Amino acid sequence: MRAVITGTGRYIPPTTVDNHALARIMDTSDEWIQVRTGIVERHYADDDMASSDLAVPAVRDALEAAGIGPEDLDYVIFATMTPDYYFPGSAPPLQEKLGLGDIPCLDIRQQCAGFVYALQLGDALIRSGQYRRVLLVGAEAHVMFMPWSRRTWEVVRDPDAGPLSEDERRKNTETRDRTVLFGDGAGAVVLEASEDDGRGILGHVLHTRGSEARRLWVNGGGSNYRPYFHPDMFARDDHIPIVEGRKVYALAVTHMPEVTLEVLDRHGLTLDDLDLVIMHQANLRINEGVQKRLGLPDEKVFNNIQHYGNTTAGTIPIALHEALEQGRARPGDLVCLVGLGSGLNWGALLCRL
Ligand code: UT7
């Protein structure tokens with residue numbers, strides 16, 4: 001029994017914010033962001049949209065592509081680091097919004113490696129014979145983390161809103177190394193059981209290293225504290241993610257090529273057998289570094305971070321959907337999906353489309 005991807009979908013919220021808009025609210029520039037990250041623009045969810053709201057249209061498209069309805073699903077795995085609620089996360093609200101039956105709906109918290117982990121879990125559920133149609137979602141509303149005032153939001157959204165005070169600009173500049181990187185979006189994949197041995201998920205390699213957890217994390221809120229949220233935490237900005245950018249960069253350009261070779265080796269395959277590699281989209285320069293280390297030609301790598309920034313658990317399903325849409329990936333192709341992020345979690349997965 002194999003788990004086959006039978007449908008994909010993606011949703012990108014309509015509000016586009018380019019690098020020039022960010023330069024209105026902090027000391028940054030289009031040139032700095034593009035040179036260091038490749039990002040040109042990103043999209044932000046509206047104020048009334050949580051991660052599960054972003055997921056709904058992506059799921060509808062994935063179901064349509066698979067030719068099934070919501071009632072045909074028997075399991076949901078929702079990968080996100082920006083859940084609708086501290087608990088119960090995003091999968092139960094998504095279930096309600098889609099009008100699904102009382103099927104199991106699970107949140108997973110593997111951040112930028114979230115979708116590779118979701119695919120592995122979905123594959124295991126199907127191969128074990130326990131479930132036949134699993135919906136996987138990767139969706140993020142990173143706007144929830146942006147430490148910006150109402151006035152900052154006005155200026156970022158509207159070029160005619162006038163200048164920001166120097167104080168606010170200085171405050172926004174303190175987190176510029178993180179805020180410019182992230183964008184919002186959702187991707188969805190339908191995985192179905194199939195007896196067709198020629199298609200589907202071939203295998204995976206996953207890793208976690210908790211000793212690197214504080215390279216990329218949110219300190220505040222959680223059972224480390226009594227009470228788990230407290231005004232002092234907000235005063236210290238402990239609710240804002242901390243990113244050791246240089247270190248994460250180095251870990252990514254080391255472990256993403258390693259794990260790609262590891263999964264190929266495990267299945268007796270080589271880089272020549274691959275039609276396409278889709279990496280997590282954290283930084284175009286990271287992906288170029290990985291591509292160079294592996295010696296892959298441009299046609300074997302798909303990137304779209306330029307338009308979306310880092311959508312964390314959303315990057316891989318959004319990129320897979322677009323690669324299929326643009327004919328960069330075709331039915332029958334062997335693709336390798338590779339992710340690394342907070343945890344530290346990383347992994348690679350091989351799939352014959
Ligand atoms: O998916 C995993 C999540 N993603 C990550 O963890 C990100 C991985 N890391 C990266 O992508 C890169 O390390 C960054 C893009 C975050 C930073 O690029 P970098 O080349 O490593 O820059 P840097 O941190 O060494 O900073 C260089 C300079 C600093 O100024 P000084 O100290 O040299 O005067 C920063 O303050 O660039 C400054 N800087 C900025 N300048 C303009 C940092 N952020 C900005 C900014 N605009 N947005």
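What comes next concerns the included structure. (Residues numbered from 1 in each chain as written. Predicted model: local features only at pLDDT ≥ 70, side-chain atom pairs only at ≥ 80, totals over all residues. Heavy atoms only, no water.)

1. Section: the overall build of the protein chain
Regarding its fold elements, the protein chain presents 13 helices and 14 strands. For a compact globule of 353 residues, the expected C-alpha radius of gyration is about 20 Å, and the protein chain comes in at 20 Å, within 12% of that figure. Dimensions of the protein chain, computed from the C-alpha atoms along their principal axes, are close to 65 × 45 × 40 Å. For the protein chain, the accessible area works out to roughly 15,100 Å², and carbon and sulfur atoms hold 48% of it. Taking the 35 positively charged and 50 negatively charged side chains of the protein chain as two groups, their mean positions are separated by 6 Å. (Helix = DSSP H or I, 4+ residues; strand = E, 2+ residues; numbered from the N terminus. Rg over C-alpha atoms; globule rule 2.2 N^0.38 Å. Areas by Shrake-Rupley, 256 points an atom, 1.4 Å probe, with all protein chains shown as cover. Lys, Arg positive; Asp, Glu negative; His and termini not counted. Charge placed at Lys NZ, Arg CZ, Asp CG, Glu CD.)

2. Quick word on the packing of aromatic side chains
What the rule picks out here adds up to eight aromatic pairs. Between Tyr44 and Trp153 the ring centres are 5.6 Å apart and the planes differ by 80°, which places this aromatic pair in the edge-to-face class. With a gap of 109 residues between them, Tyr44 in strand E3 (residues 41–44) and Trp153 in helix H6 (residues 150–157) connect regions that are remote in the sequence. What makes Trp153 buried here is its relative accessible area of 13%. Ring geometry for Tyr228 versus Phe229: centroids 4.7 Å apart, planes at 55°, classification tilted. With a relative accessible area of 36%, Phe229 lands in the partly exposed category. Each residue in the set Tyr86, Tyr228, Phe229 and Phe234 is aromatic and connected to the rest through ring pairs, giving one cluster. (Phe/Tyr/Trp six-rings, centres within 6.5 Å; stacked < 30°, edge-to-face > 60°. Buried < 20%, exposed > 50% of the residue type's maximum accessible area, 1.4 Å probe, protein only.)

3. Thoughts on the layout of surface pockets
Considering only enclosed or pocket space, the largest pocket measures out at about 910 Å³ in volume. As for the largest pocket, its lining consists of 29 residues, of which Arg109, Phe145, Val218, Gly220 and Gly221 are closest to the centre. Along the lines of polarity and charge, the residues of the lining of the largest pocket split into 16 nonpolar, ten polar and three charged. Its volume calculated, the second largest pocket comes out at about 590 Å³. If you go around the second largest pocket, you meet 25 residues; those closest to its centre are Leu181, Gly245, Arg246, Tyr249 and Asn283. (1 Å grid on protein atoms, 1.4 Å probe; cavity = no way out; pocket = protein on both sides within 12 Å on 5 of 7 lines; lining within 4 Å. Points joined across faces, edges and corners; volume = space filled by probe spheres on them. Nonpolar A, V, L, I, M, F, W, Y, C, P; charged D, E, K, R; others polar.)

4. Observations concerning the nonpolar core
Counting residues in each nonpolar core, the largest one holds 47 residues, and the members touching the most others are Leu22, Leu94, Leu135 and Val137. The greatest single-element share of this core, amounting to eight residues, is contributed by helix H3 (residues 51–66). With residues up to four places along the chain from it excluded, the contact list for Val137 reads Ala55, Val59, Ile77, Phe78, Ala79, Leu94, Phe115, Gly187 and Ala188. Core analysis: the second largest hydrophobic core is formed by 34 residues, Val116, Ile126, Phe302 and Leu349 among them. (Core = buried A, V, L, I, M, F, W, Y, C linked by side-chain atoms within 4.5 Å. Contact = heavy atoms within 4.5 Å.)

5. Some points on the environment of Ile278
For Ile278, the position within the fold is in strand E11 (residues 276–279). Residue class for Ile278 comes out buried when judged on its relative accessible area of 0%. With 161 residues separating them in the primary sequence, Ile278 and Tyr117 have C-alpha atoms 15 Å apart.

6. Here's the deal with the sheet that holds strand E6 (residues 133–140)
Strand order in this open sheet of five strands is E1-E7-E6-E4-E5, and the pairing throughout is mixed. Edge positions in the sheet fall to strand E1 (2–11) and strand E5 (105–108), since each has one partner strand and no second. When the angles between neighbouring strand axes are averaged without regard to direction, this sheet yields 20°. Contacts from helix H4 (residues 91–98) reach strand E4 (75–79), E5 and E6, with the element oriented near 140° to E5. Helix H5 (residues 114–127) rests against E1, E4, E5, E6 and strand E7 (185–194) of the sheet, and its axis sits at about 170° to E6. (Pairing = 2+ DSSP bridges. Axes fitted to C-alpha atoms, helices over the stretch in contact; angles between N-to-C directions.)

Nothing here speaks to function; it is geometry throughout.
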